[in-house]
Amino acid sequence: MAQLIGGLATSHIPSIGGAIAKGLQQDPYWKPFFDGFPPIRDWLGQVRPDVAVVFYNDHGLNFFLDKMPTFAVGAAPEYLNADEGWGIPTLPPFKGNQDLSWHLINTLIDKEFDIVSCQEMLVDHAFTLPLKLFWPDEVCPVLTVPVCINTVQFPLPSAKRVYALGKAVGEAIQSWDSDLKVVVMGTGGLSHQLDGERAGFINKAFDLQFLESLRSNPEWATQFSIHELVEKTGTQGVELLMWLAMRGALSTAGSGLRQVHCNYHIPISNTATGVLAMETLD
Ligand code: DHB
Ligand code: FE
């Protein structure tokens, strides 16, 4: 059976794409953010995962407000990026693993998650930039399966439901008849709000509590309703649901977890940024 070897999570701000293209990793503004990644890349270089299952939210590139699935799983041979209007370079396509996609889709439907399956799917900055941050190589060395969770158009799925989805994905990965090594990834957050009266809102105390909960009490955030999460983290801060899905998946694997690395930095653009890697123990 496939092995779920660990989990990754990071913020996914479009301007990161411009900073990478311009080689600004050592620039004083960007350095505290980019410095969070080399220790995680070192670990990835040792454990060499084959596939990444990526929990992220599309921001209007593939799904617009007229058609917004709550949960959608990609089942394409490759995933194309496209111009989202942020003025950042469009990245080359990312390869999919269709066998794992269909295994996830079948298993999730079996477990009563009525997901949408997508045999064609454009992927935006929330998918492409985290992969580029963890694997900066010209060609991404892992195959991918996108799992899209709506945090854009209300009503949003609850934190409890998202954690349960993550668990179901974790179980599905480990029942996949394959020798491959899999990591789960969650992208988005942490606290930020891009518009409205609270534009620029950041909540460091909550972010740090959330990060700690992922280590010691992963279901902690499931006590909050979506409206409470918006209040505490900002309208776009609810993207931290992706981290919760990733952690739900890890809760089904191994005998425990080891934190590989964690970094928190305020701000990049309008966002409190975080990056986290966790390894499952045998
Ligand atoms: C920003 C953050 C996001 O999560 C996003 O999707 C777009 C922009 C920002 O802080 O600029
Ligand atoms: Fe976002």
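Since we're looking at a predicted model, the values are computed, not measured. (Residues numbered from 1 in each chain as written. Chains lettered and ligands numbered in written order. Predicted model: local features only at pLDDT ≥ 70, side-chain atom pairs only at ≥ 80, totals over all residues. Heavy atoms only, no water.)

(A) Focus on the packing of helix α7 (residues 204–216) against helix α9 (residues 241–250). Between α7 and α9, the least distance of the axes is 11 Å, while the angle of their chain directions is 10°. Between α7 and α9, the interaxial angle falls into the category roughly parallel. Where α7 approaches α9, its residues F210, L211, L214 and R215 are matched on the opposing element by W243, L244 and R247. (Axes fitted to C-alpha atoms, helices over the stretch in contact; angles between N-to-C directions. Helix = DSSP H or I, 4+ residues; strand = E, 2+ residues; numbered from the N terminus. Parallel < 35°, antiparallel > 145°, perpendicular 65-115°, else oblique. Contact = heavy atoms within 4.5 Å.)

(B) Up close: the site of ligand 1. H12, I13, P14, H59, W86, H125, H192, L194, E239, S269, N270 and T271 make up every residue found near ligand 1. A distance of 2.9 Å is found between an oxygen atom of ligand 1 and a side-chain nitrogen or oxygen belonging to H192. Side-chain polar atom of E239 to an oxygen atom of ligand 1: 3.2 Å apart, as the coordinates give it. (Near = heavy atom within 4 Å. Polar contact = N/O pair within 3.5 Å; in protein donor to acceptor, adjacent residues only side chain to side chain.)

(C) Main features of the environment of L8. Its location among the elements puts L8 in strand β1 (residues 3–10). Its relative accessible area of 0% is what places L8 among the buried residues. When the C-alpha positions of L8 and A172 are compared, they lie 18 Å apart, and in sequence the two are 164 residues distant. Setting aside anything within four residues of it in sequence, one finds L8 in contact with I40, W43, L44, F134, W135, V183, V184, M185, G186, M246, L276 and A277. (Buried < 20%, exposed > 50% of the residue type's maximum accessible area, 1.4 Å probe, protein only.)

(D) How the structure looks around helix α4 (residues 98–110). Look at α4: 18 Å from first C-alpha to last across 13 residues, which is about the 18 Å you get at 1.5 Å a residue. Within the sequence span of α4, burial applies to L100, S101, H103, L104, I105, T107 and L108. At its buried positions, α4 is contacted by β2 (51–56), β3 (71–74), β4 (78–79), β6 (116–118), β7 (143–149) and α6 (159–174). Two or three places before D99, at the start of α4, stands the capping residue N97, its side-chain oxygen 3.1 Å from that residue's backbone nitrogen. (Expected span 1.5 Å × (residues − 1).)

(E) Summary view of the packing of aromatic side chains. If you walk through the whole model with that rule in mind, you get 15 aromatic pairs. Between the aromatic rings of W220 and F224, the centroid separation amounts to 5.2 Å while the plane-to-plane angle is 80°, which identifies the pairing as edge-to-face. We note that W220, like F224, is buried. Counting every residue linked through ring pairs, the aromatic cluster contains Y29, W30, F33, F34, F37, F134 and W135. (Phe/Tyr/Trp six-rings, centres within 6.5 Å; stacked < 30°, edge-to-face > 60°.)

(F) Structural view of the coordination of the iron ion (ligand 2). The iron ion (ligand 2) binds to the protein through H12 (NE2), H59 (NE2) and E239 (OE), with metal-donor distances spanning 2.0 to 2.2 Å. According to the relative accessible area criterion, H59 is partly exposed, its value standing at 32%. (Donors = N, O, S within 2.8 Å, 3.2 Å for Na, K, Ca; no water.)

(G) Focus on the side chain of T273. Along the polypeptide, T273 turns up in strand β10 (residues 271–281). In this structure the side chain of T273 is engaged in a polar contact, spanning 2.8 Å, whose partner is the backbone oxygen of H265. Sequence-distant contacts of T273, defined by excluding residues within four places in its chain, comprise S11, I13, F33, N263, Y264, H265 and I268.

(H) Representation of the nonpolar core within the structure. Membership of the largest hydrophobic core comes to 56 residues, with the highest contact counts inside it found for V53, F55, L104, L165, V184 and F210. Setting aside chain neighbours within four positions, we find F210 in contact with L190, W220, A221, L240, W243 and L244. Ranked by size, the runner-up nonpolar core spans 42 residues in total, among them I5, A76, C118 and L129. (Core = buried A, V, L, I, M, F, W, Y, C linked by side-chain atoms within 4.5 Å.)

(I) How the structure looks around the sheet that holds β7. Strands sit in the order β6-β3-β7-β2-β8-β1-β10-β9 across an open sheet of 8 strands; the sheet is mixed. The open sheet is flanked by β6 and β9 (256–268), the only strands paired with a single partner. The mean inter-strand angle of the sheet, taken between neighbouring strand axes irrespective of direction, is 15°. Taken together, the 5 bridges between β1 and β10 define a ladder with antiparallel strand orientation. Paired with A9 across the strands is L276, a residue of β10. In the packing of α6 onto the sheet, contacts are made with β1, β2, β3, β7 and β8 (181–187), and the angle to β2 comes to roughly 170°. Helix-sheet contacts for α7 involve β9 and β10, and the interaxial angle to β9 is about 165°. (Pairing = 2+ DSSP bridges.)

(J) Summary view of the environment of L4. With respect to the element layout, L4 can be found in strand β1. Counting along the chain gives 167 residues from L4 to E171, while the straight-line C-alpha distance between them is 9.3 Å. What L4 contacts, discounting residues up to four positions off in sequence, is G170, I173, Q174, V182, V183, V184, A249, L250, T252, A253 and T280.

(K) View of a nonpolar patch on the surface. A contiguous nonpolar surface patch, about 270 Å² in accessible area, is contributed by F64, L65 and V152. Note on placement: V152 falls in the loop between β7 and α6. (Patch = residues over 30% accessible without salt bridge, like charges linked within 9 Å, V, L, I, M, F, W, Y side chains within 5 Å. Areas by Shrake-Rupley, 256 points an atom, 1.4 Å probe, with all protein chains shown as cover. Salt bridge = Lys/Arg side-chain N within 4 Å of Asp/Glu carboxyl O.)

(L) Structural view of the pairing of β9. Pairing geometry for β9 and β10, over 10 bridges, is antiparallel. Its bridge partner lying in β10, R258 is registered against E279. Linkage of β9 to β10, two consecutive antiparallel strands, is achieved through a turn of 2 residues, within which S269 is found at a positive phi near 55°.

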